[in-house]
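Per-entry structural report
Letter by letter, the chains look like this.
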Amino acid sequence: MFDLIIRNANLPDGRKGIDIAVKDGKIAAIEASIPVETKEEIDATNRLVSPPFVDPHFHMDATLSLGLPRMNVSGTLLEGIALWGELRPIVTKEELVERALRYCDLAVTQGLLFIRSHVDTSDPRLVTAEALLEVKERVKPYIDLQLVAFPQDGYYRARDGVASLTRALDMGVDIVGGIPHFERTMDEGRASVEALCRIAADRGLPVDMHCDETDDPLSRHIETLAAETIRFGLQGRVAGSHLTSMHSMDNYYVSKLIPLMAEARINVIPNPLINIMLQGRHDTYPKRRGMTRVRELMDAGLNVSFGHDCVMDPWYSMGSGDMLEVGHMAIHVAQMAGVEDKKKIFDALTINSARTLGLEGYGLEKGCNADFVVLQAVDTLEALRLKPNRLAIVKRGKVIARSAPRIGELFLDGRPSQIDGGLDYVPIQS
């Protein structure tokens with residue numbers, strides 16, 4: 001007797017009409033037409049069943065704070081930084097916990113069950129770290145939350161920045177962060193990368209740095225990060241987030257840089273929504289697109305995953321917690337509209353991001369954790385096009401959220417009475 005069976009599922013790898021049987025929180029069988037009864041069944045009705053979405057780059061301490069202490073009227077990065085500087089000294093632990101829990105509620109309904117959040121350590125009070133460590137424990141039954149010690153004002157630039165980051169790690173924050181391009185000089189940025197990688201190596205921790213989030217083609221801290229990764233033996237445990245300066249670098253330099261990154265097995269985390277909004281602000285026309293070289297990095301074999309980064313905070317007034325919205329934007333900005341391109345984009349929201357986070361038991365294979373999402377779309381390409389409703393979200397074999405199908409009603413003579421956009425407008429297959 002199984003605990004749950006998902007019937008008639010289409011899988012991201014193209015298999016159709018598959019049943020997924022669950023026992024004791026694990027996938028016990030995944031094959032066509034499993035001929036047994038079970039305690040609970042969900043008929044996916046030939047719609048897509050995916051592993052949960054994974055967000056490898058987010059700022060949960062700032063989420064849902066839009067309007068505090070005032071609105072970002074200009075919508076620019078600099079005003080957002082100024083606003084966070086005003087809010088951070090007065091924010092309370094209780095407020096941080098409540099906003100983060102509310103965001104996690106939203107994330108669950110979107111099938112987003114794994115999140116890596118950066119935690120600002122520049123305020124020596126470290127209420128951000130205290131709050132999110134509490135949130136991590138409280139959401140543990142339904143969201144796996146990783147935390148990055150992030151010296152937002154600069155590891156060396158911020159007053160007490162070095163000591164505060166060390167204290168945050170001592171409190172139990174999981175990952176070493178950094179922001180070398182925000183240090184006062186290029187040399188201090190280089191030195192911060194070396195120091196932070198040394199800390200990670202000494203403590204046995206991963207690294208995830210905001211790196212070269214700028215239009216400046218001479219911001220080349222990713223080169224230093226890759227070199228220090230190799231030097232300290234951190235290959236595969238280091239992520240470079242944003243890397244937007246690569247969209248401005250000359251091709252000859254990039255032809256040397258990308259192989260170095262591949263040698264270091266750097267995990268690359270672009271953030272399409274926030275960077276298409278914030279980068280290129282000094283350009284008139286032609287205007288840069290604001291995202292790193294996704295296609296070239298994927299083609300070189302690097303693990304590329306996409307982050308949501310922000311939802312309704314001082315830097316980004318938009319956002320919904322929907323990773324398919326992130327992928328939808330990535331298709332447009334990276335100009336990856338081909339069939340195989342889109343499959344790679346979907347993987348960057350799921351299996352690639354799971355690899356970045358080092359998740360164990362993730363996926364849709366026998367023996368994996370019974371974590372998955374039923375979507376109102378027939379396949380991954382349609383999911384990226386439609387950003388459909390999540391009909392059921394399952395964590396360790398238990399349904400933890402549902403949404404009703406999105407059905408449109410028509411009152412037109414001679415026309416259908418209902419439209420299901422996820423099934424009625426599927427592209428004609430050749």
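In this numbering scheme, every chain counts its residues from 1 along its sequence in written order. Side-chain atom pairs in this predicted model are given and counted only at pLDDT of 80 or more, local residue features only at pLDDT of at least 70, and totals for whole chains, interfaces and linings cover all residues. Hydrogens are left out, water is left out, and the side-chain values use all remaining heavy atoms of the structure.

**Quick word on the sheet that holds strand E2 (residues 18-23)**
Selection criterion: The pairing criterion is simple: DSSP has to find at least two bridges between the two strands. In this description a helix means any DSSP run of H or I spanning at least four residues, a strand means any run of E spanning at least two, and both kinds are numbered starting from the N terminus. To get an axis, fit a line to the C-alpha atoms, keeping to the stretch in contact for a helix; angles then go from 0 to 180 degrees between the N-to-C directions.
Taken together, the 7 strands give an open sheet; going across it, the order is E3-E2-E1-E4-E13-E14-E15, and neighbouring strands pair in mixed fashion. Taken across any chain shown, the strands that pair with only one partner, and hence form the sheet edges, are strand E3 (26-32) and strand E15 (398-402). Strand after strand, the sheet turns through a mean of 35 degrees between neighbouring axes, direction not considered.

**A look at helix H7 (residues 251-264)**
Short version of the rule: Given the number of residues in a helix, its expected span is that number minus one, multiplied by 1.5 Å. When checking whether two residues touch, look at their non-hydrogen atoms; a contact exists if any pair is within 4.5 Å.
The terminal C-alpha atoms of H7 lie 20 Å apart, and with 14 residues this matches the ideal 20 Å at 1.5 Å per residue to within 8%. Buried-residue contacts for H7 involve helix H6 (221-231), strand E11 (267-269) and helix H9 (294-299). A positive backbone phi angle near 55 degrees is found at Arg-265, which sits one or two residues after H7.

**Here's the deal with the UniProt feature "domain: Amidohydrolase" (unreviewed entry) in the protein**
Note the threshold: UniProt positions are given in the numbering used here, feature names are shortened, and annotations may be inferred rather than shown by experiment.
The UniProt feature table records "domain: Amidohydrolase" (unreviewed entry) at residues 40-399. The span residues 40-399 is 40% helical and 18% strand by assignment, and the distance between its end C-alpha atoms comes to 10 Å.

**Considerations on the packing of aromatic side chains**
Test applied: What counts as a ring pair is set by centres within 6.5 Å for rings of Phe, Tyr and Trp (its six-membered ring), and what kind of pair is set by the plane angle: stacked under 30 degrees, edge-to-face over 60, tilted for all other angles. Only protein chains enter the accessibility calculation, which uses a 1.4 Å probe. A residue is then buried if its area is under 20% of the maximum for its type, exposed if over 50%, and partly exposed in between. For a lysine, the NZ atom is tested; for an arginine, the CZ atom; a charge sits over a ring if that atom is within 6 Å of the ring centre and within 35 degrees of the ring normal.
Following the criterion strictly, the structure yields 5 aromatic pairs and no others. A ring pair is formed by Trp-84 and Trp-315, whose centres lie 5.9 Å apart and whose planes are at 50 degrees; its orientation type is tilted. Placement of Trp-84 in helix H1 (residues 77-87) and of Trp-315 in the loop between strand E12 (303-304) and helix H10 (323-333) is noted, with a sequence separation of 231 residues between them. With respect to class, Trp-84 is no different from Trp-315; both count as buried. A ring pair is formed by Tyr-155 and Tyr-156, whose centres lie 5.0 Å apart and whose planes are at 55 degrees; its orientation type is tilted. In this arrangement the basic side chain of Arg-157 is found over the ring face of Phe-182, its NZ or CZ atom lying 4.7 Å from the centre.

**Here we look at the nonpolar core**
Note the cut-off: The nonpolar core is taken to be a set of buried Ala, Val, Leu, Ile, Met, Phe, Trp, Tyr and Cys residues, with the residues joined through side-chain atoms within 4.5 Å.
Counting 105 residues, the largest nonpolar core has Met-60, Leu-225, Met-261 and Ile-266 as the members making the most contacts within it. Looking at which element gives the most residues to this core, the answer is helix H2 (residues 93-109), with 8 residues. Residues contacting Met-261, with those up to four places away along its chain left out, are Ile-222, Ala-226, Leu-243, Met-246, Ile-266, Val-268, Leu-297 and Leu-302. Ranked by size, the runner-up nonpolar core spans 20 residues in total, among them Ile-20, Val-22, Cys-368 and Ala-370.

**Describing unusual backbone geometry**
In this chain, Leu-68 is followed by Pro-69 through a cis amide linkage whose omega measures -10 degrees. Looking at the secondary structure, you find Pro-69 in the loop between strand E5 (53-58) and H1. Cis geometry is adopted by the peptide bond preceding Pro-286, which originates at Tyr-285 and carries an omega value of 0 degrees. Along the chain, the position of Pro-286 falls in the loop between helix H8 (272-278) and H9. With phi around 50 degrees, Arg-396 is a residue other than glycine that occupies positive phi space. Mapped onto the fold, Arg-396 is located in the loop between strand E14 (390-395) and E15.

**Re the domain arrangement of the protein**
How we decide: Residue ranges for the domains trace back to a domain assignment, done automatically or taken from a database. Put simply, buried area is how much 1.4 Å-probe accessible surface two parts lose in total, over both of them, once they are put together. Salt bridges are counted wherever a side-chain nitrogen of Lys or Arg sits within 4 Å of a carboxyl oxygen of Asp or Glu. Contacts described as polar in this section are N or O atom pairs within 3.5 Å, which, within protein, must combine one atom able to donate a hydrogen with one able to accept it, while residues neighboring in sequence count only if both atoms come from side chains.
Once the domains are mapped, the protein shows domain 1 (2-51 + 363-420) and domain 2 (53-357). On a C-alpha basis, the centroid separation for the pair domain 1 and domain 2 is 31 Å. Contact with domain 1, which involves 20 residues of that partner, is made by 24 residues of domain 2. Each partner contributes to the roughly 1700 Å² buried at the junction of domain 1 and domain 2, and carbon and sulfur atoms together form 70% of this total. Our count for the domain 1 to domain 2 interface comes out at 2 salt bridges. Among the ionic pairs, Arg-390 bridges to Asp-322, the shortest N-O distance being 2.3 Å. One can count 4 residue pairs in polar contact (both at pLDDT 80 or more) joining domain 1 with domain 2. Of the residues forming the side of domain 1 that touches domain 2, the biggest block, 5 residues, is contributed by helix H13 (residues 380-386).

**Brief notes about the pairing of strand E8 (residues 175-178)**
Test applied: Orient the strands so they point away from the viewer, and a crossover whose first-strand-to-second-strand path over the helix runs clockwise is right-handed.
Burial along E8 is two-sided: the face carrying Ile-175 and Gly-177 and the face carrying Val-176 and Gly-178 are both buried. With 2 bridges joining them, strand E7 (residues 144-150) and E8 adopt parallel strand pairing. Pairing of Ala-149 across the sheet is with Val-176, part of E8. What joins E7 to E8 is helix H4 (residues 161-171), and the crossover it makes is right-handed. Taking the sense of rotation as the criterion, the β-α-β connection linking E8, helix H5 (residues 186-203) and strand E9 (residues 207-211) turns out right-handed.

**Description of the pairing of E15**
Across 4 bridges, E14 lies against E15 in antiparallel orientation. Within the sheet, the bridge partner assigned to Val-394 lies in E15 and is Val-399. What sits between E14 and E15 in their antiparallel hairpin is a turn of 2 residues, with Arg-396 showing a positive phi close to 50 degrees.

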